[in-house]
Amino acid sequence: MNVQRLRLISQFVFFVLLTYGGLFAIDLGSRMPTFSCAFVPDNGGSCFLIGFQHMLSRPLPEFLGEQGIRLLKSLGIVALWAVVINKAWCGWICPFGLMQDLLTRLRNLVFIDMSRFGWVTRKRYKSVKYILLALLILIPLGIGNGVPGLSRDWTAPFCQMCPARPLMPLFRGDFSEFHIDFSSWPGLALTTIAVILVGLLFTSAFVKRRFLCSYCPMLAVLSLFDKVGFLSLNKDGQKCTRCGNCSRACPMEIREIEEEKTLSNLVTQDCILCLKCIDACPENQALEARFLGMPIYTASAEGFLKRQNVDLLRLKRKKKR
Amino acid sequence: MKAEDKKPSRRERLAKKIKTNLSMTVRELFEQIDEDRSRPKAMAYFDSIFKNFTGGGENVVQVPEGQKVIGTYCVFVPEELVYAAGAHPVRLCAGTYESSEVGEEYLPDVACPMVKSEMGLETMPILDFYQKCDLVALPGSCHWKLKMAEMLEERKPVHVLDVPRIKERENSRQYWLEEVKNFKAAVEKTTGTRITRKTLKGAIRTVQAAQVEVHRFFELRKAIPAPILGRDALAVMNAYFYDDVSRWAAALAELNDELEQRIAEGVHVAPASSARILLTGSPMVFPNWKVPMIIEDLGGVLVADEFCTSQRYLSDMVAMDEGTLNDMMMAIAERYVLPCSCPMFSNTLERRDKLLQLIEEAQVEGVIYHILKGCHPYDIELKMMEKLMQDKGIPMLKIETDYSPQDVEQLRTRIEAFQETLRGRRRVQ
Ligand code: SF4
Ligand code: SF4
Ligand code: SF4
Ligand code: SF4
């Protein structure tokens, strides 16, 4: 089976599970490292960032006691989730990823060209997600410790600006989050950003693939577990011809996947484990996805040609009819 | 009309003489090849293409009336663009010794025999299809070729492609993409046909379909004991220079089926005891099959090669992703340059890994490094490759030669000694 189709199915299944799961008494907890938004009523499992920010907005000494243990416990669950399937959270589960991928498919259907970042620009943008992550940690801490200028309105500042908050509840017919908050200045600024980001989600997909993901702080969190995740993306440098097919196909425009000749584990900072690079690789065993060291998907010339010719076969069948 | 006008000029007489000599060379070569009774039957199709080199080569390139023919030199010309415009690409890299003499009028003595041969064929009516080209696409891969482009410009429409020498930079990739777009425009102008998303996609699919057989072929070639001789493998790939891609692929499919059957039945062309050799270095084009003929006559078997006229030519594949015209153009541009192991590039990384991989996969025992006198790119890399083979413990023989038959005996002695070494090593192990 075509891996990209499988991936789409997985994204769909998780979208339904996470967005509507509550209706069927499914609950995967609220410590998930993915943008299944906690603002969705009766969700089947939700994003850990909101709870994380709330937990952080406490006076520092409290973290030495029970609060610290609570925080560690919660982060432990997140880490566990992350270690087991690594970045597949982004490539195979995140509803936000699904939406961007669907829009990309739509763009492909109408043959609109995408654009790519310049190499230097791409590198520079990598730091944005860490800046967001730092703010996401520092602002709640600041609030909890009475840093002047930070109002209580900011408690979960990232949620205020997160595009998932206005968007995801819509799938449950809940429009209450789709608004701009005029009650305070910070509220106004952050909620405006959120709505703009929703707009960007829909427009950017017609220009770039996975545009929002390149800034996502969740990716920054997940990438802490890149090299220890059970799921890994591996490369055999000698078999690689550096043909560039992989990095061209990569929605995150990762260069290392093509350039690297010596490293074996190639789950890089921005990799979302979509495995499109393996689809595009024409060299036998040059790239391989493994779970706990066991190969699950390997690049091959034969497989490459099969994947490339899928619609050729379809054409032939059409002609016969 | 005066009587003198009808008398052929000196050049015409020379052309006629060269044609006769070439025809003789071809006939003699095939007399020798045909003696080998163990060849796969499906080789007959490929033989027929080369047998047409006699008497002016009118039937080497067979295209329907009115179809444009675009000549190409080197592996850097994106053939998909030619197919997409409905034209027929013919690779003009030449191996005829007979025409070198004429080429020498234009080039210094130390020039590579291949460009000499080509200049001869380009400037004198010896082989029909050199005169038939509506456009000649010439990548400036080495300096001989680059200057050849200029010399040809006054005779026929020539399009030069400037291949960047450093592959790893963003700016050189953008530059090359622009070069490929320029070539697209040149093809469109020559053919009067616009290349569209649909035609380009069709062309990519056509070539990919042929590559299915190419990859199968190289896999089968590696079998132990060898089901096909290396010189026949070179011939198969060389035939693609002139043939229609789909017709050629169909013939190759037939050959592959036969090879599969041979392997199943244990039929082979060289016993398991034959030394397994890999050829690399300057390209070899028909009828310059001097070296492979000697190697295999002496009992060795060529199980892989790294020639731009053979295994390097069609191995790499265009990866279509989003299917827009730009996406395909980028994919095509990158396929022709990035994975290429040609020594014209600034580093030898791709070549090293390719060689080691071939050696491993085809269980190669020794490497023969072929240098055409005057072919600088391959000559320059020799020492580095020698060092690499030394480090890996693979014996390597360097052969420096040209198209003349004079050194055959001397080559035979050296190659025989080399094969003896390889056999000796096997005994020790
Ligand atoms: S608003 Fe964003 S960060 Fe907050 S819970 Fe929802 S998805 Fe997570
Ligand atoms: S990087 Fe993209 S896929 Fe991953 S969590 Fe963020 S929005 Fe979702
Ligand atoms: S597609 Fe495969 S062979 Fe090409 S650069 Fe990537 S890993 Fe290497
Ligand atoms: S490197 Fe491969 S798996 Fe990772 S994001 Fe790029 S294409 Fe997907």
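Relevant structure appears above.
Computed from a prediction, not measured in an experiment: that's the story for all the values here.

J.: Sorry, what's going on with the interface of chain B and chain A here?
T.: Quite often, the size of an interface is put as the accessible area lost when its parts meet. With 36 residues of chain B in contact, the opposing surface of chain A contributes 37 residues. Buried surface at the junction of chain B and chain A, summed over both partners, amounts to about 3000 Å²; 46% is from carbon and sulfur atoms. Contact with chain A buries surface across chain B, with B:Arg205, B:Met317 and B:Glu322 losing the most and accounting together for 21% of the total. Taken together, the connections running from chain B to chain A amount to eight salt bridges. Across the salt bridge formed by B:Glu322 and A:Arg107, the nearest N and O atoms sit 2.8 Å from each other. Counting across the interface, chain B meets chain A through 14 residue pairs in polar contact (both at pLDDT 80 or more). Mapped onto the side of chain B that touches chain A, the elements with two or more residues apiece are helix H9 (170-191), helix H10 (197-221), helix H15 (325-337) and helix H16 (349-361) of chain B. Considering every element that reaches the side of chain B that touches chain A, the biggest residue donor is H10(B), with eight residues. For the side of chain B that touches chain A, the per-class residue count stands at eleven nonpolar, eight polar and 17 charged.

J.: Hey, could you run me through the packing of H16(B) against helix H17 (residues 376-392) of chain B in this one?
T.: Any two packed helices are characterised by how steeply their axes cross, that is the angle between the axes, and by the distance between the axes. Residue and element names in this part refer to chain B. In the contact formed by H16 and H17, the axes pass within 11 Å of each other and the chain directions differ by 45 degrees. On the basis of their axis angle, the class for H16 and H17 is oblique. H16 and H17 meet at a crossing whose hand is right-handed. Contacts between H16 and H17 involve Arg351, Arg352, Leu355, Leu356 and Ile359 from the former and Tyr378, Glu381, Met384, Met385, Leu388, Met389 and Lys392 from the latter. Partitioned by chemical class, the residues of the contact of H16 with H17 number eight nonpolar, no polar and four charged.

J.: Is there a simple way to think about the pairing of strand S7 (residues 366-372) of chain B in this case?
T.: The side chains of a regular strand alternate between the sheet's two faces. All names here are of chain B. For S7, the buried fraction is high: seven of the seven residues fall into the buried class. Neither face of S7 is exposed, since Gly366, Ile368, His370 and Leu372 on one face and Val367, Tyr369 and Ile371 on the opposite face are all buried. Bridge count for strand S5 (residues 276-281) against S7 is five bridges, and the pairing is parallel. Within the sheet, the bridge partner assigned to Gly281 lies in S7 and is His370. Looking at chain direction, S7 and strand S8 (residues 396-401) are connected through six bridges and run parallel. Across the sheet, residue His370 finds its bridge partner in S8, namely Ile399. In this region the chain leaves S7, passes through H17 and returns to the parallel neighbour S8; the handedness of that crossover is right-handed.

The rules we used
- Residues numbered from 1 in each chain as written.
- Chains lettered and ligands numbered in written order.
- Predicted model: local features only at pLDDT ≥ 70, side-chain atom pairs only at ≥ 80, totals over all residues.
- Heavy atoms only, no water.
- Contact = heavy atoms within 4.5 Å.
- Buried area = accessible area lost by both parts, 1.4 Å probe.
- Salt bridge = Lys/Arg side-chain N within 4 Å of Asp/Glu carboxyl O.
- Polar contact = N/O pair within 3.5 Å; in protein donor to acceptor, adjacent residues only side chain to side chain.
- Helix = DSSP H or I, 4+ residues; strand = E, 2+ residues; numbered from the N terminus.
- Nonpolar A, V, L, I, M, F, W, Y, C, P; charged D, E, K, R; others polar.
- Axes fitted to C-alpha atoms, helices over the stretch in contact; angles between N-to-C directions.
- Parallel < 35°, antiparallel > 145°, perpendicular 65-115°, else oblique.
- Left-handed = near helix turned anticlockwise from the far one by under 90°.
- Buried < 20%, exposed > 50% of the residue type's maximum accessible area, 1.4 Å probe, protein only.
- Pairing = 2+ DSSP bridges.
- Right-handed = clockwise from strand over helix to strand, strands pointing away.

Honestly, that's just the spatial picture; any functional story needs more than this.
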